Amino acid sequence: MISLFHSLYLLSPGVKDGRWTVLQLVEALGFCLENTDPRTRGRGIQLLSQVLLQCYSLLQEKEVLHLVLFYESRLQDHHLVIPSVLQGLQALSMCEVLSPGLAVSVLKAIFQEVHVQSLMQLDRYTVYSIITNFMSTREEELKGLGANFTFGFIQVMDGEKDPRNLLVAFQIVRDLIAKDYALGPFVEELFEVTSCYFPVDFTPPPNDPHGIQREDLILSLRAVLASTPQFAEFLLPLLIEKLDSELQSAKLDSLQTLTACCAIYGQKELQEFLPSLWSSLRREVFQTASEKIESECLAALHALSACLSRSVLSSDSEDLLDSFLSSILQDCRHHLCEPDMKLVWPSAKLLQAAAGASLRTFHRITRSVLPLLLEQYTKHTQSSQRRTILEMLLGFLELQQKWGHVEEDENTLLSLQAPVCSVVFSALMDPSVQLQLVGIKALTVLGSLQGFLSSSDLELVVDHLIRLALHEEDSQSSEAAMEAAGSMAPTYPKVFSGRMVPRLEEELQSEREESSHNHHSLQQRCLQALAAVSTHTSIVRETVPVLLQHLQKVQKGTEARNTQEMVSVCQSLHHVALQCQQDAEGCWYFHQTVVPCLLAMAVQAAMQESTHTLPGKALLEEEVLAAMIPVISAATTHLSPELAAQSVSHIVPLFLDGEVSFLPQNSFPSSFQPFGDGECLEAQRRLVALLMAFVCSLPRDVGIPQQEWLLRELLALSCSCNCPFTATTAAKCFAGLVNKHPAGQQLDEILQLAVNRMEPILAEGPCRTQALTLLLWVTKALVLRYHPLSSCLTDKLLGLLGDTELGPAAADGFSLLMAESPDVLHKSCHADVRIMFRQRFFTDNVPKLVQGFHGAGPDVKANYLKGLSHVLNHLPKPVLVTELPTLLSLLLEALSCSDRVVQLSTLSCLHPLLLEAPQVMSLHVDTLVTKFLNLTSSPTMAVRIAALRCAHALTSLPTTVLLPYKGRVIRALAKPLDDKKRLVRKEAVAARGEWFLVGSPGR
C-alpha cells in the first residue's frame, strides 16, 4: 500500500505540467477515497490535498467546483480524515477561479460540521487560514452572510489557547471590525471571546522556534479591543477593574489600552465611566512608586482630555470636558497650596497632562492654575520651594510653546505677562544655582513665545544673561545662560547683536586691575559667550570681527599665557563655524572672513620667526596650530562645490607659489616658501598643518589645482623634515588627498613614488620614524577606500613589528589604522570611508598577527600582542564575540605582557566580552581571576582601574562558576581599598561589593 501511495504521489509533477488532470488523479485514488478504513481514506485525501496545495493555481473552475463539493461532504467523515480535508479546503480557498457562493458554502460547512477547538493546533491554524483567505478575496460574499459569519467565527475561536493561532484570530477580528462586517447582536460575544485573554499572561518557552513574544500578543489584542466604540460599554469596566488590581503588568496594559481607545471614542462612550476613570488615574499618580505606571496614567489622562476636546467641537450635548476638567481642578488645585508640598508634583503632572491635550484644556486649566502658582511663589521664601513652584510654572510655559501664537483675548499667559516676567527675573537674581537654572530655562521658553516679551523685557533679558554668563561664580549657571542666549538669538537677532555683542566686546577689551587669574577667567567667558550667541548670520557678522581682532591683539603680546588665550579664541571660532554650517550665507561669510585672516596671521608670524622677531611666536606653537585646524576644517566642509573651488584657487597657490595677494594685510618682509629648503624656513613649513585642514576638508568633487605637484612636495616634506609636527601633518595631508584621489594611472604613479620613497628610509637612516608615520597614514587612507595596495602596505607594517627600533611604534600604529581620526580621513571631511572596513581589516590581518606572534622572538612578541589588542579594541563587539574562542588564549597571554599599553588595551577589550559572552569566558575563569587580581597591583593607575572593572564584570558569569573564587577575590580586593588614588578605591569598592553578593538569594 505504501509503495502505491508513493507511486501516486509521483503523479503530482504530471498534474503541475498538465500531463494529468486533478480529476484523473481523483479517479486513480478512488479505491483509497472510498475505502472503509478511515486511515486509508485519510491517506488518500491527504495525498490529494498535498497535490492541490502545489497546483491550486492551475485548476479550472469546474474542477474547483467538484473538489469543493467533494471536500464539503468529507467534513462529515471520521475525525481522522478531517485534518486532510481542511488542507484541501485551504488549497481551494486560494483559487482565483472559485465560483460565487462556494466560499460561503465552505465556511457554512466548517461552522456546522467541525468542532474546531477539538482539533490539533496546526489544523486549527488551517481553519483560520481558510477564513483569512476568503476574507481577503470574497469579502462581499461573506458579508452576505450578515451576522451569521461573525457568530460562526466566534464559535471557531472560542477557547483558543495557542499563541500562534491567537495572533491570526486577533487579526481576523480586527478585519471584521475594520472592514465593517455585520456584528449584529453578537458584539458582546465577540468582545468576550477576545477580552478573556486580557491582560495577556504568556511567557514564551525557552528556545521557542516560533519567536512569539508576550508583547506581540499584547499589541495584537490591544488592536482588537481598541478597534471599535461598540466595545466601550464592556471594555471600560474591565479596564477600571484591572486598574484597581494589585498586578503591575495588568495596570500598565489597562492604561495603554485606555489610551489607545481614546483615539476612537467619543464622549458618549466615556460619559458613564469618567468619574471612575479619573478616580483610578488620580489614585495611581498619587500613590504609585512606579515611574512607568505614573507615566502611563498621565498619557491616559492626556488622551481622555483630548478625546473629550474633540467631542465638544462636534456636539451640542452636555459639555463633558468642562465638568471633567472641573473635577481635575477640584482634586488637584488645593494641593498646590499645601505648606508641606507633599502632593505638589503629582498634582502638577496631572494638571499638565490634561492641559496639554488641546488649546481649550490649556486655557481652562492655566486660567485657574497660573495665578495660583505665581501667588505661591511670592508666598514662599525658601529657594528650594520656589524652585519647585517655578518648575511647575515652566511645565505650563512649555505647553504654551506647543500651541504657538494665539489671540490676546484668549491667552491667559499674556494677561499675566508682568507677574510671570517678575517671577522669572527674580529667580535669575537668586543666590541658589538650582533656582537660577530653572529660571534660565523658563526665560528661554518665554523668549520662544511670539510677542510675549516687550522691548524693555528683552533688554533686561540680555542684561541678566550677560551677568550670569560672565560674572556668576557657578559654571553651571554661566553655561546655561550662554546656551539660552544662543537659543534666543535667532528669534531676536537685532537685540542680541545690538546690545549683547557690544557689551561682550567691551568686557573682552577692558583692562582690569583685578588679579590676572580672574581677568583671564572673565576673558575666557567672554570668548565662550561670543561663540554661543553666534546662532544667526547677522550676529555672526558682528562676533567674528571681534574674535579675530582679539586674536590679533593677543598675537602681538609677549605674555606667557598668550598661547592658551589664542587656543581659547580658536575654540570659540570653531564653535561659531559649527553653528554656521547649516546656513549657506553664514558659512561662506565665516569662511571668506576667517580663513584668510588666520592664514595671514600665521604667515606673518612665520616670517617674523624666520627673521627672529619675537611678536607672534605663540601663533606657531603646536597647540595653537592644532586649535586652528578644526576652525579651518569646519569652515570648509559645508561649502558648496562652486565656493570651495573659488577658495582652493587662492589657498593652494599660496603654499606652492607664495601667492599672498588674496590675504589681508599682505605686505610681508619676504616670500612665503613652506616647501623650500633651509632651516630658516622651518616656521613656514609648520603652516602645512593649515593647508591640511583646508584641502583635506574639501568635497570630493572639487578639483585641486596643481595637485600632482602638491602631492610630491608633501611626500618629500613628510619623509625629510626633522620636526615631528611638520612631518606628521604633511603625511596626513598627503594621505587625505590620496584617499579622495580618483582611481587611475595618476594615483598609481603617486602611490608607487611614495612606496619607493619610504622603503629605503624605513630600512635605515635618521628619518625612519618619519617614514613610518607616512606609511601608517597612507595605509589608513587606502584601507578606508578598499584600495588594492592597502594589503601590500599593511604587510610592510606587519613586517616592522619585528623591528626592535620601530616595532613598538608600528604596533601603536594599528590603533591609528582602526580608530576615528579627528582632523582628516573621516566622513565629515568627505573622505572615502567604506562600510565595515574594520571587519575587513580584521579578517585579512589578524591571522597574520597571530602567526607573526608565534614565530617572533621574545624581545618583539609584545609588539604583535599590542597590535592585536588595538585591532580588537576597535572592532564592533558582535564581531569580536563570534571570534572570541579562537583569540581568547592570545588575549590572556597579552595580560602577562609587561607593556602597560598592551595590558590596558587587552583589559578594555575583555571587559565588554565578560558581559556579552559569559558562557565562553566561564571556560577560562581560573586564568581570568588570577590575571585580573595580579593587575590590581600594577604600578600604573589606569591598569589598576581597568583590572578592577574587569574583576567587577566577572560577576556577570554564572554563579556556579564564581562561587569557588568568591573568598579569594574578596580577600584580594581588600588591598586596593587602601590605594592612594581615589578613583582606584572607588572601583575597588564597587567590585568587592558585587562579589559579596555572589550567591545571594534573588541575585
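See the structure shown above.
Now for a description of the structure that goes with this document. Everything numeric in this text was worked out from a predicted model, so none of it was measured. (Residues numbered from 1 in each chain as written. Predicted model: local features only at pLDDT ≥ 70, side-chain atom pairs only at ≥ 80, totals over all residues. Heavy atoms only, no water.)

1. What about the overall build of the protein chain?
Scanning the protein chain from terminus to terminus reveals 53 helices and zero strands. Its C-alpha atoms give the protein chain principal-axis dimensions of about 115 × 80 × 65 Å. A total of 1003 residues make up the protein chain; the buried ones form 56% of that total. Residue pairs at least 24 apart in sequence account for 73% of intrachain contacts in the protein chain once pairs closer than 6 positions are excluded. Accessible surface for the protein chain amounts to roughly 43100 Å². Of this, 52% is attributable to carbon and sulfur atoms. For the protein chain, the distance from the average position of its 80 positive side-chain charges to the average position of its 106 negative side-chain charges is 6 Å. (Helix = DSSP H or I, 4+ residues; strand = E, 2+ residues; numbered from the N terminus. Buried < 20%, exposed > 50% of the residue type's maximum accessible area, 1.4 Å probe, protein only. Contact = heavy atoms within 4.5 Å. Areas by Shrake-Rupley, 256 points an atom, 1.4 Å probe, with all protein chains shown as cover. Lys, Arg positive; Asp, Glu negative; His and termini not counted. Charge placed at Lys NZ, Arg CZ, Asp CG, Glu CD.)

2. A look at the packing of aromatic side chains
Per the counting criterion, the structure on display carries 10 aromatic pairs. Ring plane angle 40 degrees and centroid distance 5.5 Å describe the contact between Phe149 and Tyr181, whose orientation is recorded as tilted. Note that Phe149 is positioned in helix α11 (residues 147-157) and Tyr181 in the loop between α12 (163-178) and α13 (187-195), a separation of 32 residues in sequence. Classification of Phe149 as buried rests on a relative accessible area of 0%. The class for Tyr181 is buried, based on a relative accessible area of 5%. The structure contains a cluster of three or more aromatic residues connected by ring pairs, namely Phe111, Phe149 and Tyr181. Above the face of the Tyr181 ring, Lys143 is positioned so that its terminal group lies 5.5 Å from the ring centre. (Phe/Tyr/Trp six-rings, centres within 6.5 Å; stacked < 30°, edge-to-face > 60°. Lys NZ or Arg CZ within 6 Å of the ring centre and 35° of its normal.)

3. Describing the packing of helix α25 (residues 417-429) against helix α26 (residues 433-448)
One way to put it is that α25 packs onto α26 with a least axis distance of 7 Å and a crossing angle of 140 degrees. As judged from the angle between their axes, α25 and α26 are oblique. Considering the relative orientation of α25 and α26, their crossing is left-handed. Residues Val420, Val424, Phe425, Ala427 and Leu428 of α25 touch α26, and the partners they reach there are Leu435, Gln436, Gly439, Ile440, Ala442, Leu443 and Leu446. For the contact of α25 with α26, the residue count by class is 10 nonpolar, two polar and no charged. (Axes fitted to C-alpha atoms, helices over the stretch in contact; angles between N-to-C directions. Parallel < 35°, antiparallel > 145°, perpendicular 65-115°, else oblique. Left-handed = near helix turned anticlockwise from the far one by under 90°. Nonpolar A, V, L, I, M, F, W, Y, C, P; charged D, E, K, R; others polar.)

4. Things to note about the environment of Lys931
Tracing the chain through its elements places Lys931 in helix α49 (residues 925-935). Distance from Lys931 to Leu895, taken between C-alpha atoms, is 6.7 Å for residues 36 residues apart in sequence. Sequence-distant contacts of Lys931, that is, excluding residues within four places in its chain, are made with Leu892, Leu895 and Ser896.

5. So, the side chain of His335
Looking at the secondary structure, you find His335 in the loop between α20 (320-332) and α21 (344-355). Residues in contact with His335, not counting those within four places in the same chain, are Phe286, Leu343, Val344 and Ser347.

6. A closer look at α13
When we look at burial in α13, the residues that qualify are Val187, Leu190, Phe191, Val193, Thr194 and Ser195. Looking at the packing, one finds that the buried side of α13 touches α11, α12, α14 (214-225) and α15 (232-243).

7. A few points about the pattern of salt bridges
Counting across every chain of the model gives 33 salt bridges. Among the salt bridges present, the one from Arg164 reaches Asp162, with a minimum N-O distance of 2.8 Å. One salt bridge in this structure joins Lys251 and Glu284, with 2.7 Å as the shortest N-O distance. One end of the pair, Lys251, is in helix α16 (residues 248-262); the other, Glu284, is in helix α18 (residues 274-287), and 33 residues separate them in sequence. Judged by relative accessible area, which is 7%, Lys251 ranks as buried. (Salt bridge = Lys/Arg side-chain N within 4 Å of Asp/Glu carboxyl O.)

8. Examining the layout of surface pockets
By volume, the largest pocket is sized at about 290 Å³. Taken together, 13 residues line the largest pocket, and the ones lying closest to its centre are Gly676, Asp677, Arg685, Leu717 and Ser720. Counting only elements with at least two residues in the lining of the largest pocket, the list comes to α36 (682-685) and α38 (707-720). Looking at the lining of the largest pocket element by element, the count peaks at four residues for α38. Of the residues contributing to the lining of the largest pocket, the split by class is four nonpolar, four polar and five charged. (1 Å grid on protein atoms, 1.4 Å probe; cavity = no way out; pocket = protein on both sides within 12 Å on 5 of 7 lines; lining within 4 Å. Points joined across faces, edges and corners; volume = space filled by probe spheres on them.)

9. Brief notes about helix α43 (residues 807-818)
For α43, with 12 residues, the first-to-last C-alpha span of 18 Å sits near the 16 Å given by 1.5 Å per residue. For α43, the elements touching its buried residues are α41 (768-784), α42 (789-800), α44 (837-855) and α45 (861-873). (Expected span 1.5 Å × (residues − 1).)

10. Overview of a negative patch on the surface
Among the surface-exposed residues, Glu188, Glu189, Glu192, Glu233 and Glu272 lie close enough to one another that they form a single negatively charged patch. Counting residues per element, the negative patch draws most heavily on α13, at three residues. Mapped onto the fold, Glu189 is located in helix α13. (Patch = residues over 30% accessible without salt bridge, like charges linked within 9 Å, V, L, I, M, F, W, Y side chains within 5 Å.)

11. Describing unusual backbone geometry
The peptide bond linking Phe198 to Pro199 adopts the cis configuration, its omega dihedral lying at -10 degrees. Of note in the backbone geometry, Gln706 takes a positive phi value of approximately 55 degrees without being a glycine.

12. Looking at the side chain of Ser84
Along the chain, the position of Ser84 falls in helix α7 (residues 82-93). What Ser84 contacts, discounting residues up to four positions off in sequence, is Gly42, Ile45, Gln46, Ser49 and Tyr71.

13. As for the state of the cysteines
All chains considered together, the criterion is met by zero disulfides. In this structure Cys597 is a free cysteine whose sulfur lies 10 Å from that of Cys570, the closest cysteine sulfur available. According to the relative accessible area criterion, Cys597 is buried, its value standing at 9%. There is no disulfide at Cys721, and the cysteine sulfur nearest it, in Cys723, is 5.2 Å away. Under the relative-accessibility criterion, Cys721 is labelled buried at 4%. (Disulfide = S-S within 2.5 Å.)

Honestly, that's just the spatial picture; any functional story needs more than this.
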